[in-house]
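Survey of secondary and tertiary structure
Each chain is listed here by its residues.
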Amino acid sequence: MDNQNLESWYEEYSQDIFNFLVYYNQTDDVDDLLQEVFFKAWKKRFTFKGDSSPKTWLFSIARRVSIDSFRKQKLKHLFRLQENPKDTDTPEKRLMDKEEVIELYTAIRNLKRSYREVVICRGILELSTNETAEVLQWSNEKVDTTYHRAKTKLGETLNFRRRVSDEATR
Amino acid sequence: MKQQDKVEKKLKALPKHKMDNARKQRNYYALQRPRKESKSKYFAYPLTIFTFLVMIFVGYTIIHENKDRTTTTNEAYTNMQMYFEGIKPIYSNSHIPDTVGVPEEYHKGVALGYLYNASIFYTPEGEKVNPLEINNNINAYFDYKEERLDNFSEQPKLIADTKPTWLYLNSAAELIDDKSISESLIGLSEKISEITANNSSQHNYSVYKEVSQNISEIVMEINQVTGGSVVVYEGESKNWFVRLQPLDDDDYLLHLNSKGLEENNVSNISISGLNSKFSVESNFSGKSKYIFGDSLPENVIELEEINIVIRANGMEDTLSLNRSTEVRITP
């Protein structure tokens, strides 16, 4: 990757990487991490052989940068929801009310790491099983199994919260 | 609609976080800045750079001329501490082949395990010392008078120990993606290669002492910042030694060491346990095998004991693996 490639990759993938980092790190204060991802990609450009897509390669760097950041800081950032998500542009998104989104965010935040990772990649970023396997360095089978378990867990958590909330309002 | 589909639909409908254009450009500018600046400095201000370098050189010479080399070593250790901060060691009794497929996120842990192995050393009396099991008085183990080293009887043991030490240092260096740290480890491995049966006892011991002291100090420094205690399950039967180390989430590293099988025999082995929730099937040849897996049942780490059954060559061994936080390192 030369400067020109760096620019074109940044142009093409920075929003995806930003989205990934926000969900993975549970904060939107990810500018330093975003810069580190592209800087590391530029430094390691000779190790990218094109076997995977640049996007999944950048996601895997973003994941490692995030894990390192967790370890260094030893503090989990608080999940800060954007008050006004900017691209509520699809009808589906408009249908989801804010409470539901907050509920879902909280449920995702409370998942164990492997479930959270696969939910972010498969569910939110809508990567394919293969792409997710490349990012997480898992087998395809593990991606499918873990995603299935994670969705079940999420469903149970959301149902439980709803039951508690219904009982409270009665 | 199935609950799973509902969840999936909700996930897909979550907002996509985006940077506004100004933020996107600001980040790109910040990304470009260090490289652009350094380029322009070299071309636009060569005299400034030269003067700056001369000043650094003069300052460095004045400050450091009276300091011994331990200062430099300590700085490297601080880098080591920063690099390994929060990492949990992954234990092994030998080099873990690439084919085992331990993911990159565990490489620092594997490298740390290798450094722990490399730090084991022998005294001239043949006493095996693990620096992590003793306190800070490591120097007492190297305090020998020259005349006692003339023909110390345990020299073959010490020479034999140079091989695993060399291997672990190089294996760790391969996995470490910080150039200065991996180079310092390679430097130590090159140093220990100077030990040969053809050299004098004094020379050999002096090199061995220097390298062992260095590695001991490195692991003791790192040990202050690692990620807390590590749980492993170990057990043995007449035919097997087994260590199971749970890693993050459902990941694990299983180490099998055969006491009974012939060295070149290839066998199909199957391992099961935890009320059939855990099962592994694999080929086994040689004496030792590592298996990385990602399906360890939940909450295993809370168990005090894990019972497993190993089937190989029609033989069945039942083992109880006991929970431990003190790992036997036997390189």
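Residues numbered from 1 in each chain as written. Chains lettered and ligands numbered in written order. Predicted model: local features only at pLDDT ≥ 70, side-chain atom pairs only at ≥ 80, totals over all residues. Heavy atoms only, no water.

1. Observations regarding the nonpolar core
Ile-17, Phe-20, Leu-21, Leu-58 and Leu-154 of chain A together with Leu-11 of chain B are the most contacted members of the largest nonpolar core, which totals 56 residues. Looking at which domains feed residues into this core, each of domain 1 (3-73) and domain 2 (91-169) of chain A supplies at least three. Residues contacting Leu-58 of chain A, with those up to four places away along its chain left out, are Trp-9, Tyr-13, Ile-17, Val-37, Phe-38 and Ala-41 of chain A. Membership of the second largest hydrophobic core comes to 49 residues, among which are Met-80, Tyr-91, Val-100 and Val-327 of chain B. (Core = buried A, V, L, I, M, F, W, Y, C linked by side-chain atoms within 4.5 Å. Buried < 20%, exposed > 50% of the residue type's maximum accessible area, 1.4 Å probe, protein only. Domains from an automatic or database assignment. Contact = heavy atoms within 4.5 Å.)

2. A closer look at the interface of chain A and chain B
Interfaces are frequently sized by the accessible area removed from exposure as the parts join. Contact with chain A, which involves 62 residues of that partner, is made by 38 residues of chain B. Around 5100 Å² of area is buried between chain A and chain B when both sides are counted, 49% of it from carbon and sulfur atoms. Remark: the boundary between chain A and chain B carries 11 salt bridges. In this structure, Arg-113 of chain A and Glu-105 of chain B form a salt bridge, with 2.5 Å as the shortest nitrogen-oxygen distance. At the level of secondary structure, the elements contributing two or more residues to the side of chain A that touches chain B comprise α1 (3-25), α2 (31-43), α3 (54-73), α4 (91-95), α5 (98-109), α6 (113-124) and α8 (140-169) of chain A. The element that contributes the greatest number of residues to the side of chain A that touches chain B is α8 of chain A, accounting for 12 residues. Broken down by class, the residue content of the side of chain A that touches chain B amounts to 24 nonpolar, 14 polar and 24 charged. (Buried area = accessible area lost by both parts, 1.4 Å probe. Salt bridge = Lys/Arg side-chain N within 4 Å of Asp/Glu carboxyl O. Helix = DSSP H or I, 4+ residues; strand = E, 2+ residues; numbered from the N terminus. Nonpolar A, V, L, I, M, F, W, Y, C, P; charged D, E, K, R; others polar.)

3. Notes on the confidence of the model for chain B
All names here are of chain B. Here chain B shows a mean pLDDT of 81. Residues at 70 or above account for 81%. Looking over chain B, one finds the lowest element-wise mean pLDDT in helix α4 (residues 70-84), namely 66, and the highest in helix α5 (residues 107-119), namely 94. Confidence drops under a pLDDT of 50 for residues 68-72, and excluding neighbours within four residues, the segment shows one contact in the predicted structure. Here the prediction assigns the complex a pTM of 0.65, and the interface score ipTM is 0.77. (pLDDT = per-residue confidence, 0-100.)

4. Quick notes on the environment of Ser-184 of chain B
Residues and elements named next belong to chain B. Here Ser-184 is to be found in helix α7 (residues 179-192). What makes Ser-184 partly exposed here is its relative accessible area of 28%. For Ser-184 and Leu-169, which are 15 residues apart along the polypeptide, the C-alpha to C-alpha distance reads 9.6 Å.

5. Here's the deal with the packing of aromatic side chains
Under the criterion given, the structure shown has 17 aromatic pairs over all chains. Each ring, one from Trp-240 of chain B and one from Phe-284 of chain B, has its centre 5.1 Å from the other, and the planes form 85°; the classification is edge-to-face. Placement of Trp-240 of chain B in strand β4 (residues 240-246) and of Phe-284 of chain B in strand β7 (residues 278-284) is noted, with a sequence separation of 44 residues between them. Taken as a pair, Trp-240 of chain B and Phe-284 of chain B share a single burial class, namely buried. Ring pairing ties together the aromatic residues Trp-9, Phe-48 and Trp-57 of chain A, which thus form one cluster. Above the face of the Trp-42 of chain A ring, Arg-45 of chain A is positioned so that its terminal group lies 4.3 Å from the ring centre. Above the ring of Trp-138 of chain A, the side-chain terminus of Lys-142 of chain A is found at 4.4 Å from the ring centroid. (Phe/Tyr/Trp six-rings, centres within 6.5 Å; stacked < 30°, edge-to-face > 60°. Lys NZ or Arg CZ within 6 Å of the ring centre and 35° of its normal.)

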